[in-house]
Amino acid sequence: MKKHPQTNLVHAPRKAPQYISTVQPPVFRASTIIFKNTDALFNRHWTDAYDYSYGTHGTPTTFTLADNIAQIEGGDYCLLCPSGLSAINLVNSCFLSHGDEVWVADNTYGPNMEHLRNLETRYGIVVKVYNPIDANTFQPSAQTKLIWLEAAGSVTLEFPDLINLVKKAKQANVLTALDNTWGAGLAFNAFDFSSEHLSVDLTIHALTKYPSGGGDILMGSVVTQDKKLQQQLFRMHAIQGIAISGDDAAQIQRSLASMHIRYTQQSNSALTLLHWLNKQVEFAQVLHPANELSAGHHYWNDVCKENLSAGLVSVIFKPKYTMQDIRKFCDALQLFKLGFSWGGPISLVMLYDLTTMRALEHTHLQQGLLVRFCIGLEHPADLIQDIENALKQLQIKIPN
Ligand SMILES: Cc1ncc(COP(=O)(O)O)c(C=O)c1O
């Protein structure tokens, strides 16, 4: 039947062949998914993880990425979220109810702590803080539902006593959720990280960092091996309308092929910088899990068997340097750009005042302002030169 041009514009004459082999999988963009017939419509099972019924539920593009992330992290199930923080939010809103207690490390990613404090005020969830390098400070009670772990922790990069914290949580029947962004599933296997095959229950991962690798896409994931946990998460994910774009998923899928190479390169460059930073007189402390003097170094050694350690290094400047001096230092850097996030091609720098960030007394942390370097894909010699130049400016103004 000949159709009106208006209809022809809507119904394209050519469909892609059912199977065509390309290096990257095709990108499906969908809010609507078209059912083959009414049988397919009435037999759909939206509770089936791979059901195709509506865009928020998923498409072959998003399911491909989710399976890939689950595999990288050593888990079985993965749900994708629009950002790392929304993945954290999914875990908190799924497993915490009024009266429950949740434990977070003092060096937990700041917005997670802020999110939990908000739940505390509004929904009566009790937030307790522990010291990640001292498992004795984690004291679960009958109300404790969840412990957040982060290895290494944000900004100050202490590697936690993961083995004893997880053992203690398991004994107390407390759910363990690890922010796995730093390890990215490459530095250690969160679902099998000790000789006793200890495993966390859940990981969240800011795919925004290493999986994206471009500094341009936001996404997060929640991974588990436990079918029951997955079913709970799946329901919460669906009723909250959490969805990601097929284009973003395809971009991250494309970057995964180079992730191990990028991660290893950035990890090695960070080590080169670490050795050089350790020798500079301006710093009271250099913080990195591979640094023998850093808190939690031996826990890192026990868990990260291949000695991988991401691309982050922090320094604490001697207390004589004021905020104004540190700002001058940061502004003098040419290759390191001022910005949050990490895992992208461009090296980044960020400055922090720890006195406004930490709840517990951290005796291992020296006084002074902190600068975090996120190592990109530049040659480490150029990055060292950049820091050296910026430090020289500082030395002229502040003689030792
Ligand atoms: C350790 C860690 N977890 C989670 C997140 C949140 O990721 P996103 O920026 O995708 O929300 C970040 C972001 O900086 C992070 O550093």
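Keep in mind that this is a model prediction, so the values were computed, not measured.

Student: So what about the site of the ligand? Which residues, and what values?
Tutor: Near the ligand lie 13 residues; those nearest to it are Gly84, Leu85, Asp179, Thr208 and Lys209. One nitrogen or oxygen atom from the main chain of Gly84 is found 2.7 Å from an oxygen atom belonging to the ligand. Classifying every residue of the shell around the ligand by side-chain character gives 5 nonpolar, 5 polar and 3 charged.

Student: Go over the UniProt feature "modified residue: N6-(pyridoxal phosphate)lysine" (unreviewed entry) in the protein with me, naming the residues and quoting the values.
Tutor: Look at the UniProt record and you will see "modified residue: N6-(pyridoxal phosphate)lysine" (unreviewed entry) annotated at Lys209. Along the chain, Lys209 turns up in the loop between strand S6 (202-206) and strand S7 (220-224). According to the relative accessible area criterion, Lys209 is buried, its value standing at 14%.

Student: Describe the domain arrangement of the protein, with residues and values.
Tutor: Under the domain assignment used here, the protein contains domain 1 (38-256) and domain 2 (259-397). Using C-alpha coordinates to define each centre, domain 1 is positioned 27 Å away from domain 2. Taken residue by residue, the interface counts 37 residues in domain 1 and 37 residues in domain 2. Of the roughly 3,100 Å² buried where domain 1 meets domain 2, counting both sides, 66% is carbon and sulfur surface. Considering only the side of domain 1, the residues that lose the most area to domain 2 are Val155, Trp182 and Tyr210, jointly responsible for 25% of the buried surface there. The tally of links between domain 1 and domain 2 comes to 0 salt bridges. Along the contact surface separating domain 1 from domain 2 lie 10 residue pairs in polar contact (both at pLDDT 80 or more).

Student: Which residues make up the packing of aromatic side chains, and what values go with them?
Tutor: Evaluated as defined, the whole model comprises 12 aromatic pairs. Considering the side-chain rings of Tyr210 and Trp342, the 5.8 Å spacing of their centres and the 65° angle between planes classify their relative orientation as edge-to-face. A residue pair is termed long-range when its members are at least 10 positions apart, and Tyr210 in the loop between S6 and S7 and Trp342 in the loop between strand S10 (337-338) and strand S11 (348-352) qualify at 132 residues. Neither Tyr210 nor Trp342 differs from the other in exposure class; each is buried.

Student: Talk me through the sheet that holds strand S3 (residues 126-130); I want residue IDs and the actual numbers.
Tutor: Two orientations exist for strands paired in a sheet by backbone hydrogen bonds: parallel and antiparallel. The sheet built from 7 strands is open, its strands ordered S1-S7-S6-S5-S4-S2-S3 with mixed pairing. Sheet topology places strand S1 (77-81) and S3 at the edges, where each strand pairs with a single neighbour. Strand-to-strand twist of the sheet, defined as the mean angle between neighbouring strand axes without regard to direction, takes the value 20°. As paired elements, S6 and S7 share 5 bridges and run antiparallel to each other.

Student: Describe in detail the nonpolar core, supporting the description with residues and values.
Tutor: Among the nonpolar cores identified, the biggest contains 83 residues, and Trp182, Phe188, Phe329 and Phe373 are the most heavily contacted of them. Top contributing element to this core by residue count: helix H9 (residues 259-277), with 7 residues. Among all residues touching Phe373, those that are not within four sequence positions of it are Leu277, Gly311, Leu312, Val313, Val315, Phe329, Leu333, Phe336, Leu348, Val349 and Ile387. Counting 29 residues, the second largest nonpolar core, distinct from the first, contains Val102, Val104, Val127 and Ile204.

Thresholds applied
- Residues numbered from 1 in each chain as written.
- Predicted model: local features only at pLDDT ≥ 70, side-chain atom pairs only at ≥ 80, totals over all residues.
- Heavy atoms only, no water.
- Near = heavy atom within 4 Å.
- Polar contact = N/O pair within 3.5 Å; in protein donor to acceptor, adjacent residues only side chain to side chain.
- Nonpolar A, V, L, I, M, F, W, Y, C, P; charged D, E, K, R; others polar.
- UniProt positions renumbered as here; feature names shortened; annotations may be inferred.
- Helix = DSSP H or I, 4+ residues; strand = E, 2+ residues; numbered from the N terminus.
- Buried < 20%, exposed > 50% of the residue type's maximum accessible area, 1.4 Å probe, protein only.
- Domains from an automatic or database assignment.
- Contact = heavy atoms within 4.5 Å.
- Buried area = accessible area lost by both parts, 1.4 Å probe.
- Salt bridge = Lys/Arg side-chain N within 4 Å of Asp/Glu carboxyl O.
- Phe/Tyr/Trp six-rings, centres within 6.5 Å; stacked < 30°, edge-to-face > 60°.
- Pairing = 2+ DSSP bridges.
- Axes fitted to C-alpha atoms, helices over the stretch in contact; angles between N-to-C directions.
- Core = buried A, V, L, I, M, F, W, Y, C linked by side-chain atoms within 4.5 Å.

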